[in-house]
Structure formats: structure tokens, C-alpha cells
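Structural description and commentary
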Amino acid sequence: MSGTVARGLLRRLLYALIAIVGVAALVFALLRVVPGNPVATLLGEQADNETVERISSSLGLDQPVLTQFANYMLGVLRGDFGESFMLGKPVAELIGPAFVNTLWLALAASLFSWVVGIACGLIAATHKSTIIDRLFMGFSLLGVSLPVFMVAMLLQYVFARYLHWLPVTGVSDWTGYILPAVALGWGLAGSIARLVRSSVIEVMQQDYIDTAIAKGRTNVQVLVFHALRNAMLPIITLMAMQFSSLLSGAFITETIFSINGIGRLSVQAIAGRDIPLLQGTTLLCTFVIVMGNLVADLLYSVCDPRVRKGA
Amino acid sequence: MAEDERELVASSNANERSSSLLRRLSKDHKLSVASLVVILLFALAAVFAPVLTPYDYDAISLSDRLAPPSFEHLLGTDEGGRDVLTRLLYGSRVSLMVGIVPTMLSMVVGTLVGMTSGFFGGKVDTVVMRVADIVMSFPSMLLAMVVMYTLGGGTANVFLTMVCVGWAGVARVVRAETLRLKQNEYIEAARIVGVRRLRIMLRHILPNCLPTIVVLFTLEIPSSILTESSLSFLGMGVQPPSASWGLMVSTGREFLYHAPWLCFVPCVAIMIIVLAFNYLGDGLRDVLDPHLRGR
């Protein structure tokens, strides 16, 4: 790896670290701006001041905010995210399994969106300005415009009421991920299709495409090995960013399909005013997004030698 | 100096782009014009809601609850016997306002920050962009939920939340555009001639950024509408008895299998308005600012 690339990587890592610590500090501050003692809210009106103070002290809530933040971040480095107010368990024990569920959902949704998105984009690009192009791009725009909760509930309604092929809530086995994956992936496929179409059309105008055709390659060979390969750069970046965004939890989809993922856990933490749990899920989500963007940046450098060599 | 400035302004092509916009849109982007008409119809329906429907949006009538669409109640009634069409019309006020007003505020804040940061550069630029990075590193729904947790529910807080979440993306785009425009010779000429920096920003950079800002505005509105619907769906946005489409979907979800129209009618309304703004934004972008293509 050349010196420039290594320096660039270190700089990006530093910015990523600043972003993560910055977000942690922002959330920490925001959650403490809320009026009222969270312990008092948790214990209810019956609790006396002495009990509230004792429990606040044991949770470290009576210390200065900066001290609390420093202690929290040191704990995070040791893998200690505090204890959930609502459930009384270590936050790390709760977010671990939830993240695994979200990971499976993210993989399933991504796979669906990549296959459907790339296929639709390619078909639209190769039939540019025809009725097929307009149809597929219309579908893509529809995908991007449909609210996720609408697709999710429509799927639930159709499969629960009429089709009975797939489970509509929970994930007792892999089939439970299919409907949520479609609900989530549908909109993402729309974005990918639009980008694939514009990217492939741009690449098809390059000289090397004419060369490939002149060399006698078939249409499919030209499309896959020359056009798509070169058009994939911005598409890969989008796919990486979408994947990391999915990993930070699909709040609505997980709530509707009752999947115990990071998104649903965050929603429950907010509803239950559970600060440690919310801090834990937020930190994890931010870490995932920042790392995902970093990976997307690196993928771009790896795939495009022009970026790597600073051309 | 005033005369030099006039020449410089004339040499900038801001005026060219804004002329006959509607004519250029209607020539190649008929769907965009149709979308504009749809949006205007929704806006008119929102404004004239009391005239268009004889019912009150919060008039409870338990004997009529969960009635399917009929001649008396064109879109049926909800769990409180309230007319769904009425709640849809009044809800459109909230949903449209929350789509447009906070987006406009985000545009203003983002433009000010992005243009200043891009124009002055240096340490100011670095610090501002790091802050924007931090805001953008947050999953936007999660940031919105945390801010709503802090502020509490309600329409005004939803406005504030959306501005807090939305300004960073705008700032980045406007900064990039400012950096691009700063390279132009007429900007350098203005600086040499001695025009004050604030004046350069307002008279030369801002008008040339406007097409980008307008397109971004139109494309961000659907995102804002979806964010508000999602927040209200999760119970963190607009609170009852106010009507908002997201809230209607959320309360209707309980009756998904018995009274599906309660969920799907507001869903379709959201879909139509978001689609309309997306088509309009696409058309405007193709006509005004091809640089943004592929967003």
C-alpha cells in the first residue's frame, strides 16, 4: 500500500472515530437535557426522595455530566454498556442477539434489492427510451415513493388473509425473514435500479464498448463483462451504504413484523425512557454506519485504480 | 464600481436558467407538470377542508364505528366513528405542512452554513463539515427519535426535529456547489475589483446556487413527509386528537384485518403525494441542474 493511501486511510479512520465519539456525546447530552430525573420517572410517583437519590447515586447519575460521559466511554471500551432500566439486564446482553436478527434481515433485504435492482436497471438501460424503460423506471420510482409501512402491511394483509404461504410475524425460521426482506428491499431496489440505469447508459457510450463489439463479443458479454463491470463503481458504493443503513435497524419493519432487532429495541427504549439501552443501540448503530461509509469509501479506492493512484 | 458590478451580474447566467421554466418542464416532462397539478389539488383540499366535508375531524360517533365505505361516508369511518375522508383532508394539512415548512427551514439553515463554509474555507470549513459529518453519521430516523424523546411529542417539536436532522445534507451540497462556483473567473474578478465578500456571496454565488437548492428542496420534501409519517406511525410524532396521515395508519393498523381501509387509505394518500413530489423533483432537476442527476 502506498504512503498516500495509508495516510488517507488513517485520516478517514480518525474522522470516523471523531464522528462516533461526537455522536455518543451528542446523544449523551440530548438524553440528559430531558427535564426530570429518569429514575423518578421509572420508579413512579409513589417513590420517596431518599429511594430516588439512592438509586440515582448507584447509577452514577448524580455525578457531573462530563465524568458520567468519560466513565461511560471507558466502560464501552471494556464492553460494558451499562444496565437497562426497563429490563434490568446488561445492555450488551440485549443488543447482541438483537443485532444478529437485524443482520439476517439486512442480508435478506440486501440480497433481494441487489438482484431485483440490478436486473431492472439493466433491462431499462438496454431498452432505453422505450416503453419498457419507462415502465421499469416508473416501478423504481414507485418503490422509492411507497412508505415502508405500506408495503409491510400490504404483504401482511395479503399473506395472512389470502395466501397463507409465509409467516406474517416473528422469525421462528428463515421463512420469517422473507416478507420483511421484501418490504425493506423494495424501496432500496428502486434506488439501485435508477442508479444502474444511468450508470450503464453512461458507460455504454464509451469507446471501449465499441471496441468490444467490433471484436465480436456477444451483446450479453459486452453488457456483463464490459459495461456492468465499469458501471458498478457508484452502484457498489450505494449498495454498501444501504447495507450499513439496514444494519442500524429497520425500525418500522421490525416493529410491524415483531422481529426482535436493533430497530425495535431502540423504539422500545424510547417508549420506556430507558437511557442506557438507547445509548447502547445508538452507539452501535452509529458505529455500523460510520464503518459502513468507510468500507464504501475503501471499496471505491480498491475498485477504481484511478482513485488509488490519485489520478 | 457599481457599473463593474452590473457587468459582473450580467455575465452570471442565473437569469437565463429561471426564465420560461414552466414552458421547458411542459415540453419534455409532462408527468412533472401533472404532478404539480396533483400537489396543488392536495394543497387546495387541505385549505378548503371545512368546506369540502360536512363532518368534524374529531366528531366521535360510536354507533357508526368501523363502517365500510358508503354513500354517507365515502371512505368509511374509523374506530371512533369519525369520517375517514374528513380526517384525511384535515390530516393533509399537517402532513403537507410538516413536509414543506421544516424542509424550507432546513434549506435556509443548510444554505447559510454550506455557503459560508465553502466560501470562507479554512478552519471554519473543517469544523463545520465535521459537525455535519457527525449529524449525517446518525441514522436519520434514530436522530429524529432521540430529538423527539428530548423535546416531547407534538407538531412544533416535529418541525424542530426535522430541521435538526435535515440541515447537514443541504449544507454539504451547497458547500460543494459554492466550491465549484468559487473557481469561476467572474468571482475572482469581483474580488480583485474590491467587492465585499458578503456581497459576492449574496449577489453572485447564491443566485447561481438557487437551481440546485430548488431541486434539492423538491426532492427533500418526500423524504420529510415519509419521516413525519414514520415518526407519527411509531407514536413519536403528531399526537392525537390531531390528525396526520402517519397517525391514521398507526391507529388503523390495529384493525388491519377487519377494516383495512383505515390503514390503506392514508397510505395511498402518502404514496400519491410522495410520488408527485418525486416526479416534480426529477423534472425540475433535468431542466435546471443536470449536475444532480444520479442522486
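Heads up: the structure comes first, above all this text.
Reference entry: report on the structure contained in this document.

Right, let's talk about the environment of lysine 30 of chain B for a bit. Residue and element names in this part refer to chain B. With respect to the helices, strands and loops of the structure, lysine 30 is situated in helix 4 (residues 30-47). Overall, lysine 30 belongs to the exposed group, with 12 C-beta atoms counted inside 10 Å. With 217 residues separating them along the chain, lysine 30 and leucine 247 place their C-alpha atoms 33 Å apart.

Judged by nonpolar contacts, the single largest core of 165 residues is most densely connected at Ala109, Phe149, Ala152, Ala183, Ile192 and Val196 of chain A together with Met145 of chain B. Setting aside anything within four residues of it in sequence, one finds phenylalanine 149 of chain A in contact with Ile252 and Ile256 of chain A together with Phe233 and Val249 of chain B.

Take the packing of helix 1 (residues 3-33) of chain A against helix 7 (residues 122-137) of chain B next. Between helix 1 of chain A and helix 7 of chain B, the shortest axis-to-axis distance is 9 Å and the interhelical angle comes to 70 degrees. Put simply, helix 1 of chain A runs roughly perpendicular to helix 7 of chain B. The two elements helix 1 of chain A and helix 7 of chain B meet at a crossing, and its hand is right-handed. Between helix 1 of chain A and helix 7 of chain B, the residues in contact are Tyr15, Ile18, Ala19, Gly22, Val23 and Leu26 of chain A and Arg130, Asp133, Ile134 and Ser137 of chain B, respectively. Split into classes, the residues belonging to the contact of helix 1 of chain A with helix 7 of chain B amount to six nonpolar, two polar and two charged.

All names here are of chain B. Between helix 11 (residues 197-233) and helix 12 (residues 245-252), the least distance of the axes is 7 Å, while the angle of their chain directions is 35 degrees. At the point where helix 11 passes helix 12, the crossing takes the right-handed sense. Across the interface between the two elements, Glu228, Ser229, Ser230, Leu231, Ser232 and Phe233 of helix 11 pack against Trp245, Gly246, Leu247, Val249 and Ser250 of helix 12.

Turning our attention to helix 6 (residues 84-120) of chain B. Residues and elements named next belong to chain B. Given a rise of 1.5 Å per residue, 37 residues ought to cover 54 Å, and the 53 Å separating the end C-alpha atoms of helix 6 matches this to within 8%. Largest kink in helix 6: about 25 degrees, centred on glycine 91. Among the 37 residues that make up helix 6, 27 are buried, leaving the element largely enclosed by the rest of the structure. Glycine 121 sits one or two positions beyond helix 6 and adopts a positive phi of about 65 degrees.

Each value, and the rule that gives it
- Residues numbered from 1 in each chain as written.
- Chains lettered and ligands numbered in written order.
- Predicted model: local features only at pLDDT ≥ 70, side-chain atom pairs only at ≥ 80, totals over all residues.
- Helix = DSSP H or I, 4+ residues; strand = E, 2+ residues; numbered from the N terminus.
- Buried ≥ 20, exposed ≤ 12 C-beta atoms within 10 Å, placed from the backbone.
- Core = buried A, V, L, I, M, F, W, Y, C linked by C-beta atoms within 7 Å.
- Contact = placed C-beta atoms within 7 Å.
- Axes fitted to C-alpha atoms, helices over the stretch in contact; angles between N-to-C directions.
- Parallel < 35°, antiparallel > 145°, perpendicular 65-115°, else oblique.
- Left-handed = near helix turned anticlockwise from the far one by under 90°.
- Nonpolar A, V, L, I, M, F, W, Y, C, P; charged D, E, K, R; others polar.
- Expected span 1.5 Å × (residues − 1).
- Bend = angle between axes of the 7 residues up to and from the residue.

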